[in-house]
Amino acid sequence: MSTSIFSKLTPQATKFYPLLNSLAEVLVNASALMKEFIQNYTIENAEEYNKKIKALEREGDTISNTIFEELNVTFITPFDREDIHHLATCMDDVMDFINSASKRIYLYKPKRIPGSAIAMLDNLIEGSEVIREAILDLKTFKKKMKEIKEHCDKLHTIENKADDIYEHFLIDLFENPGDGVELIKLKEIMHELEKATDALEGVGKAIKIIVVKYA
Amino acid sequence: MSTSIFSKLTPQATKFYPLLNSLAEVLVNASALMKEFIQNYTIENAEEYNKKIKALEREGDTISNTIFEELNVTFITPFDREDIHHLATCMDDVMDFINSASKRIYLYKPKRIPGSAIAMLDNLIEGSEVIREAILDLKTFKKKMKEIKEHCDKLHTIENKADDIYEHFLIDLFENPGDGVELIKLKEIMHELEKATDALEGVGKAIKIIVVKYA
Amino acid sequence: MSTSIFSKLTPQATKFYPLLNSLAEVLVNASALMKEFIQNYTIENAEEYNKKIKALEREGDTISNTIFEELNVTFITPFDREDIHHLATCMDDVMDFINSASKRIYLYKPKRIPGSAIAMLDNLIEGSEVIREAILDLKTFKKKMKEIKEHCDKLHTIENKADDIYEHFLIDLFENPGDGVELIKLKEIMHELEKATDALEGVGKAIKIIVVKYA
């Protein structure tokens, strides 16, 4: 514990650590639930699944707000409060895009969800787990520089993979457009999922900034 | 007058007060005109209505620019110039989204505009009037803390109501999509109106920042 | 050379000048190539053209990144590093929107590209050439104030012209929508091109900031 990034600074600062951990946990749960939603999707169960995702989004918001409030009242030097703020905001962004994809499924009720959405979610689950690992390693980051760098590189790879999945999805979609209204639905849903993986990479960059600064 | 938020600071600062008032007035007028546009909409009169909305948008721009220029040359302490700048920018955003909805009606010429657009506009008119009240109360804000807080809460409620209207509109739209091209038109027009009410809430937050800071 | 905006300051600062020039050159090449792409477009050659545009976008990124890195290590006073950073970022934005339009043509494979896209590109080519001139004039900007002002005004005019082209395109598109899926494709492609000309005007504003500040 004595090597914790926060405990090294001031005793009060240690409270951010479990909060960031909980936020990562919310992302892992939301990605897994979103995959379950897509796999089991029917027009009938969409509202129920969307409610559960929304509940996780609110849980994430509560944690982020606690972090922001604590940052306002905690004196942490030389640790930059804006860097923790930025990290929490980026994690929040991932959750927002997952929630936004879920909401669109519920509102638009597509006839079917393409297989590429499952590939996208596998990617997102993997990325959320990498973030959880990276935040665990942040605790003893001076000993874990190599691991954290690898996690961040992984998030970059995952984002590239999501770009590929999304591009192939679009090519397929426009090659066999069928119903124009269904096309609009699926394009938007997949776009939100793609933005969620962009946001994953953003989390990686936010972690990198902290690690480089305090190494 | 001796309790005016601006007159308390420096004599020059008082000029911002009537400017913010005029800007609120433009929003009230634009919301009312936009409702009239939607109620009376025909493919033939769309260009004329859009011109009138555009004229109000330019009027708002002129007022905002005057505010920004005055902020650059006026010495106001301890009143934060960036807070007035932010408030004016948020009011400008509302106007921009109204104008953008109007422009899309003119460019896309939808066959009909759904009834939910009227509900949206009633909401927007109410919100613009609340903003006008809140800015009137800003003048003697130390005596009006309770009222201003209520106005800001109202703007939050209005934004939530707009979200509901927009969600139900989307559910209806995709349940009975009919013509895909009409769906694209209506979805975009309603989305701009929904963003206008998001921006209303932004104005409420900007007012709250000022009131909390100088209370 | 003694009147160069950069050489006046410190010897190291002169390196930014050829870098900005190269970036302008990339924009001119990308606009010309994009016009060729649209003129010769077939479903078969779209991938090849898109690859070439993407290569230019990467070239632009490399130059921008060199500028950003140099800004971090070069001591330039009283020249504001954030102003050069902003100028390079704005030029990058133009390239990003051209690339994004190109990518959408490749992914969506529209049946035909409307004539208004050519008008848009002629506009974009003209704007890129104006930027190249303006950056050449930046070198001796104290003698070229009038010319630079004219270049920036020109970029504003070009942006207005692009707005007109885009609006007429939309009116035509929705008057004769035909296939809804084709409408979605063309609307997005043209929108990216329109955003590219918005970004051109942004470059003009970034140049103006520098010129006004150091005049």
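Remember, it's a predicted structure, so these values are computed and weren't measured experimentally.

(A) Molecular detail of the relation of the copies chain B and chain C. Each copy of the sequence occupies a distinct position, and chain B is placed on chain C by a rotation of 120 degrees and an axial shift of 0.0 Å, giving an RMSD of 0.0 Å. Taken together, the rotation and translation describe the operation of a three-fold axis. Relative to the rotation axis, the closest C-alpha in chain B is found at Gly180 of chain B, a distance of 3.5 Å. Of the interface residues in chain B, just 12% have counterparts in chain C that sit at the interface too, so the contact is made through distinct surfaces.

(B) The confidence of the model for chain A, seen in detail. For chain A, the average pLDDT comes to 91, and 92% of its residues sit at 70 or higher. As a predicted assembly, this complex carries a pTM of 0.89 together with an ipTM value of 0.85.

(C) Focus on the relation of the copies chain A and chain B. When chain A is fitted to chain B, the best match, at an RMSD of 0.0 Å, comes from turning it 120 degrees and sliding it 0.0 Å along the axis. Here only 12% of the interface residues in chain A have copies in chain B that are interface residues too; the copies meet through unlike faces.

(D) Quick peek at the state of the cysteines. Taken as a whole and assessed by the stated rule, the structure comprises zero disulfides over all chains. Cysteine Cys90 of chain B shares no disulfide, and the gap to the nearest cysteine sulfur, in Cys152 of chain B, comes to 12 Å.

(E) Structural view of the pattern of salt bridges. One pass over the full model with this rule turns up 52 salt bridges over all chains. Residues Lys208 of chain B and Asp153 of chain B are paired through a salt bridge, measuring 3.9 Å at the closest nitrogen-oxygen approach. Residue Lys208 of chain B is located in helix 6 (residues 180-214), and its partner Asp153 of chain B is located in helix 5 (residues 145-175); the two are separated by 55 residues in the primary sequence. A salt bridge links Glu70 of chain C to Lys15 of chain C; the nearest nitrogen and oxygen atoms lie 2.9 Å apart. Here Glu70 of chain C is found in helix 2 (residues 46-73), whereas its partner Lys15 of chain C is found in the segment before helix 1 (16-40), with 55 residues between them in sequence. Via salt bridges that share partners, Asp80, Asp83 and Lys213 of chain A belong to a single interconnected network.

(F) Broad picture of the packing of aromatic side chains. Counted by the stated rule, this structure contains twelve aromatic pairs over all chains. Ring geometry for Phe174 of chain A against Tyr108 of chain C: centres 4.3 Å apart, planes inclined by 35 degrees, an arrangement best described as tilted. Taken together, the positions of Phe174 of chain A in helix 5 (residues 145-175) and Tyr108 of chain C in helix 3 (residues 81-108) put the pair across two chains. On the basis of relative accessibility, which here comes to 3%, the residue Tyr108 of chain C falls in the buried class. Here the aromatic rings of Phe37 of chain B and Tyr49 of chain B are separated by 5.1 Å at their centres, their planes lie at 15 degrees, and the arrangement is stacked. Placement of the pair is Phe37 of chain B in helix 1 (residues 16-40) and Tyr49 of chain B in helix 2 (residues 46-73), with a sequence separation of twelve residues. Residue Phe37 of chain B shares its accessibility class with Tyr49 of chain B, and that shared class is buried. Above the plane of the ring of Tyr49 of chain A lies Lys52 of chain A, whose end atom (NZ or CZ) is 5.2 Å from the centre.

(G) Geometry of the packing of helix 4 (residues 115-138) of chain C against helix 6 (residues 180-214) of chain C. Residues and elements named next belong to chain C. Packing of helix 4 against helix 6 brings their axes to within 10 Å, and their N-to-C directions diverge by 15 degrees. Accordingly, the angle class assigned to the pair helix 4 and helix 6 is roughly parallel. Taken as a pair, helix 4 and helix 6 cross one another with a handedness that is left-handed. Touching Ser116, Ala117, Met120, Leu121, Asn123, Leu124, Gly127, Ser128, Ile131, Ala134, Ile135 and Leu138 of helix 4 are Met190, Leu193, Glu194, Ala196, Thr197, Leu200, Val203, Ile207, Ile210 and Val211, all from helix 6. Considering only residue class, the contact of helix 4 with helix 6 consists of 16 nonpolar, five polar and one charged.

(H) Quick peek at the interface of chain A and chain B. The partner chain B presents nine residues to the eight residues of chain A that form the contact. Between chain A and chain B, a total of about 840 Å² is buried, with carbon and sulfur atoms accounting for 72% of that surface. Run the count over chain A and chain B and you get two salt bridges. In this structure, Lys103 of chain A engages Glu167 of chain B in a salt bridge whose closest nitrogen and oxygen atoms are separated by 3.1 Å. Here chain A is connected to chain B by two residue pairs in polar contact (both at pLDDT 80 or more). Where the side of chain A that touches chain B is concerned, the elements lending two or more residues are helix 3 (81-108) and helix 6 (180-214) of chain A. Across the side of chain A that touches chain B, the residue classes tally to five nonpolar, no polar and three charged.

(I) Geometry of the environment of His168 of chain B. Summarising the element assignment, His168 of chain B is placed in helix 5. Spatially, the C-alpha atom of His168 of chain B lies 22 Å from that of Val94 of chain B, the residues being 74 residues apart in sequence.

(J) How the structure looks around the side chain of Lys185 of chain A. Its place among the elements puts Lys185 of chain A in helix 6. Those residues within four positions of Lys185 of chain A in sequence are excluded, and the remaining contacts are Tyr108, Lys109 and Pro110 of chain A together with Phe174 of chain B.

Calculation rules
Residues numbered from 1 in each chain as written. Chains lettered and ligands numbered in written order. Predicted model: local features only at pLDDT ≥ 70, side-chain atom pairs only at ≥ 80, totals over all residues. Heavy atoms only, no water. Least-squares fit on C-alpha atoms with pLDDT ≥ 70 in both. Contact = heavy atoms within 4.5 Å. pLDDT = per-residue confidence, 0-100. Disulfide = S-S within 2.5 Å. Salt bridge = Lys/Arg side-chain N within 4 Å of Asp/Glu carboxyl O. Helix = DSSP H or I, 4+ residues; strand = E, 2+ residues; numbered from the N terminus. Phe/Tyr/Trp six-rings, centres within 6.5 Å; stacked < 30°, edge-to-face > 60°. Buried < 20%, exposed > 50% of the residue type's maximum accessible area, 1.4 Å probe, protein only. Lys NZ or Arg CZ within 6 Å of the ring centre and 35° of its normal. Axes fitted to C-alpha atoms, helices over the stretch in contact; angles between N-to-C directions. Parallel < 35°, antiparallel > 145°, perpendicular 65-115°, else oblique. Left-handed = near helix turned anticlockwise from the far one by under 90°. Nonpolar A, V, L, I, M, F, W, Y, C, P; charged D, E, K, R; others polar. Buried area = accessible area lost by both parts, 1.4 Å probe. Polar contact = N/O pair within 3.5 Å; in protein donor to acceptor, adjacent residues only side chain to side chain.

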